[in-house]
There are 6 protein chains.
Amino acid sequence: MPVINVKMTHEDGGATKEQKEELSKGITELFAKVFNGRGASSAVVIIEEVNTDNYSIGGKTITQIRSETKK
Amino acid sequence: MPVINVKMTHEDGGATKEQKEELSKGITELFAKVFNGRGASSAVVIIEEVNTDNYSIGGKTITQIRSETKK
Amino acid sequence: MPVINVKMTHEDGGATKEQKEELSKGITELFAKVFNGRGASSAVVIIEEVNTDNYSIGGKTITQIRSETKK
Amino acid sequence: MPVINVKMTHEDGGATKEQKEELSKGITELFAKVFNGRGASSAVVIIEEVNTDNYSIGGKTITQIRSETKK
Amino acid sequence: MPVINVKMTHEDGGATKEQKEELSKGITELFAKVFNGRGASSAVVIIEEVNTDNYSIGGKTITQIRSETKK
Amino acid sequence: MPVINVKMTHEDGGATKEQKEELSKGITELFAKVFNGRGASSAVVIIEEVNTDNYSIGGKTITQIRSETKK
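Residues numbered from 1 in each chain as written. Chains lettered and ligands numbered in written order. Predicted model: local features only at pLDDT ≥ 70, side-chain atom pairs only at ≥ 80, totals over all residues. Heavy atoms only, no water.

Chain A carries the name Tautomerase in an unreviewed UniProt entry, which gives Arcobacter suis CECT 7833 as its organism. Heading Sequence similarities (unreviewed entry) of the UniProt record for chain A holds this comment: "Belongs to the 4-oxalocrotonate tautomerase family." (UniProt positions renumbered as here; feature names shortened; annotations may be inferred.)

Set out below in structure tokens:
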């Protein structure tokens, strides 16, 4: 039973219910395909949406990066 | 000093303050018992309550699973 | 840039190089598909293979579960 | 590309935008300094602020500890 | 189905198989007790033992702290 | 007491003891500076070094990326 944890920024209103369902289902099916059925009925997928002030790449928060892109 | 991270779904209004206190205290005491006093005064327990749309088992979100159970 | 962390048991000699490549590629492509290209070139996927003594479900380690299954 | 995850309690109104920017930038620069430039433009820093009811040390939640300190 | 992740230092030869079994069982039973049976058969407990060079408190690695204590 | 978890690839023989000490000390001092002394004596820093087969960016493992760079 694998545990897959997804951390992503919360943007454009956040991921929709359908996107989360699609991602959870897809990751589970993919894992089962790669590992011969393992986790098909037991894989745990957890999605964490993080505020763009709290998520940075290369020293700049995504909020900073997005605002610079808009200039 | 161990760090124990608990991820659980946020359901029925979420865990109460008392439940979180009981869980934190219990995990810390258990760890100290198993490891001869280690962590008794320093163990860190972090509880993360996750929306049922963001938590899936076997490819279905807990929201989906709960709604199917109610049918 | 999402960060996807996979925790799985280390069994049958562990995941092969090809399986890890397939899982990493598949998760990245899936994420990009679900979120309109996001993460296609920047998603981070980390795979942690955990000893079956260190991984338990329902209070039993996978080592215990596997040995009971063989009886 | 390192991934640095910071878990801290959400206190006094939480970390300000400037503090998160300073922490993200500082950690990224520090990592690049220690590891000869690695991660300077790609390090991911994620900051998670946790409710003091959900964060405990030595068996007591930070909420409990703070209220005892005020007595 | 909660996921409980334990990070602890690998010391004195590391946790024994029995200690890991006791910790996994105890955490699962405790969680089920606190949350009215939830997770009793599905809780995932993952134990990560970390080298004392890779684990620090207050700016000093556990290796440093232990060697200072022996002086 | 913040908990800072660093995930990085294990390359060129891995981080040296001195680099881990420098990173742990630096992150702790930085956190205390940004948050007015918080965590100076209690911050936990955990460094996880991950095999390059188990770490991917944009769908390719670091092993793949490094071998393509050498061609």
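Next comes the rest of the description.
Summarise the interface of chain A and chain C; cite the residues concerned and give the values.
Across the boundary between the two partners, chain A contributes 25 residues, which contact 25 residues of chain C. Carbon and sulfur atoms make up 63% of the area that chain A and chain C hide from each other, which totals about 2300 Å². For the interface between chain A and chain C, the tally reads 2 salt bridges. The partner of C:K33 in a salt bridge is A:E22, and the shortest N-O contact between them spans 3.0 Å. Taken together, chain A and chain C are joined by 11 residue pairs in polar contact (both at pLDDT 80 or more). (Contact = heavy atoms within 4.5 Å. Buried area = accessible area lost by both parts, 1.4 Å probe. Salt bridge = Lys/Arg side-chain N within 4 Å of Asp/Glu carboxyl O. Polar contact = N/O pair within 3.5 Å; in protein donor to acceptor, adjacent residues only side chain to side chain.)

Please set out unusual backbone geometry residue by residue, giving values where relevant.
Positive phi, normally seen in glycine, also occurs at C:D12, with a value near 50 degrees. As for its position among the elements, C:D12 is in the loop between β1 (3-9) and α1 (17-34). (Helix = DSSP H or I, 4+ residues; strand = E, 2+ residues; numbered from the N terminus.)

If you had to explain the sheet that holds strand β2 (residues 44-50) of chain D to someone new, which residues and values would you point to?
Reading across the sheet, the 8 strands line up as β4(A)-β3(A)-β2(D)-β1(D)-β1(F)-β2(F)-β3(E)-β4(E) and stay open at both edges, with mixed pairing between neighbours. The strands lining the two open edges of the sheet, one partner per strand, are β4 (60-61) of chain A together with β4 (60-61) of chain E. Here strand β3 (residues 55-57) of chain E pairs with strand β2 (residues 44-50) of chain F via 3 bridges, running antiparallel. The residue of β2(F) that forms the bridge with E:S56 is F:V45. (Pairing = 2+ DSSP bridges.)

Before we move on, can you summarise the packing of helix α1 (residues 17-34) of chain D against helix α1 (residues 17-34) of chain F with the specific residues and values?
The contact between α1(D) and α1(F) brings their axes to 10 Å, and the two run at 165 degrees. Accordingly, the angle class assigned to the pair α1(D) and α1(F) is roughly antiparallel. When the axes of α1(D) and α1(F) are compared, the crossing they make is right-handed. Two secondary-structure elements touch here, α1(D) through D:Q19, D:E22, D:L23, D:G26, D:I27, D:L30, D:F31, D:K33 and D:V34 and α1(F) through F:Q19, F:E22, F:L23, F:G26, F:I27, F:L30, F:F31, F:K33 and F:V34. (Axes fitted to C-alpha atoms, helices over the stretch in contact; angles between N-to-C directions. Parallel < 35°, antiparallel > 145°, perpendicular 65-115°, else oblique. Left-handed = near helix turned anticlockwise from the far one by under 90°.)

Explain the environment of C:H10 to me, using residue names and the numbers behind them.
Mapped onto the elements of the fold, C:H10 is located in the loop between β1 and α1. If we ignore the near neighbours within four places in the chain, the residues touching C:H10 are C:E49, C:V50 and C:T52.

Can you lay out helix α1 (residues 17-34) of chain B for me, pointing to particular residues and giving the numbers?
Helical periodicity: at 3.6 residues per turn, an α-helix aligns residues three or four positions apart in one direction. Helix length check: α1(B), at 18 residues, gives a terminal C-alpha distance of 26 Å against a target of 26 Å (1.5 Å per residue), a fit within 8%. All of the buried residues along α1(B) are B:Q19, B:K20, B:L23, B:S24, B:G26, B:I27, B:T28, B:L30, B:F31, B:A32 and B:V34. The elements touched by buried residues of α1(B) are β1 (3-9) and β2 (44-50) of chain B, β3 (55-57) and β4 (60-61) of chain D together with β1 (3-9) and α1 (17-34) of chain E. One or two positions beyond α1(B), positive phi appears at B:N36, with a value near 50 degrees. (Expected span 1.5 Å × (residues − 1). Buried < 20%, exposed > 50% of the residue type's maximum accessible area, 1.4 Å probe, protein only.)

Give me the pattern of salt bridges: which residues, what numbers.
Residue and element names in this part refer to chain A. Per the counting criterion, the structure on display carries 36 salt bridges over all chains. We note a salt bridge from E49 to K20, for which the minimum N-O separation is 3.1 Å. One end of the pair, E49, is in strand β2 (residues 44-50); the other, K20, is in helix α1 (residues 17-34), and 29 residues separate them in sequence. A relative accessible area of 23% places E49 in the partly exposed class.

Report on the sheet that holds β4(D), specifying residues and quantitative values.
Read across the sheet, 8 strands follow the order β4(C)-β3(C)-β2(E)-β1(E)-β1(B)-β2(B)-β3(D)-β4(D) without closing on themselves; strand pairing throughout is mixed. Each of the sheet's edge strands pairs with one partner strand only, and the pair in question is β4 (60-61) of chain C together with β4 of chain D. For β1(B) and β2(B), the ladder comprises 7 bridges, and the chain directions are parallel. In the sheet register, B:N5 faces β2(B), and the bridge partner there is B:I46.

Give me the lowdown on the relation of the copies chain D and chain F, citing residues and values where you can.
Least-squares fitting of chain D to chain F yields an RMSD of 0.0 Å, with the superposition described by an axial translation of 0.0 Å and a rotation of 180 degrees. Expressed as an axis order, the relation between the two copies is that of a two-fold axis. It is D:N5 whose C-alpha, among those of chain D, lies nearest the rotation axis, at 2.5 Å. The fraction of interface residues of chain D whose copies in chain F are also interface residues reaches 100%, indicating that both copies meet through the same surface. (Least-squares fit on C-alpha atoms with pLDDT ≥ 70 in both.)

Could you give an account of empty space enclosed by the protein, naming the residues involved and the relevant values?
Applying the stated criterion to the full structure yields 1 cavity of 30 Å³ or more. Approximately 540 Å³ is the volume found for the largest cavity. Lining the largest cavity we find 24 residues, and of these A:K7, B:K7, C:K7, D:K7 and F:K7 sit closest to its centre. Broken down by secondary-structure element, the contributors of at least two residues to the lining of the largest cavity are β1 (3-9) of chain A, β1 of chain B, β1 of chain C, β1 (3-9) and β2 of chain D, β1 of chain E together with β1 (3-9) of chain F. Looking at side-chain class alone, the lining of the largest cavity contains 11 nonpolar, 6 polar and 7 charged residues. (1 Å grid on protein atoms, 1.4 Å probe; cavity = no way out; pocket = protein on both sides within 12 Å on 5 of 7 lines; lining within 4 Å. Points joined across faces, edges and corners; volume = space filled by probe spheres on them. Nonpolar A, V, L, I, M, F, W, Y, C, P; charged D, E, K, R; others polar.)

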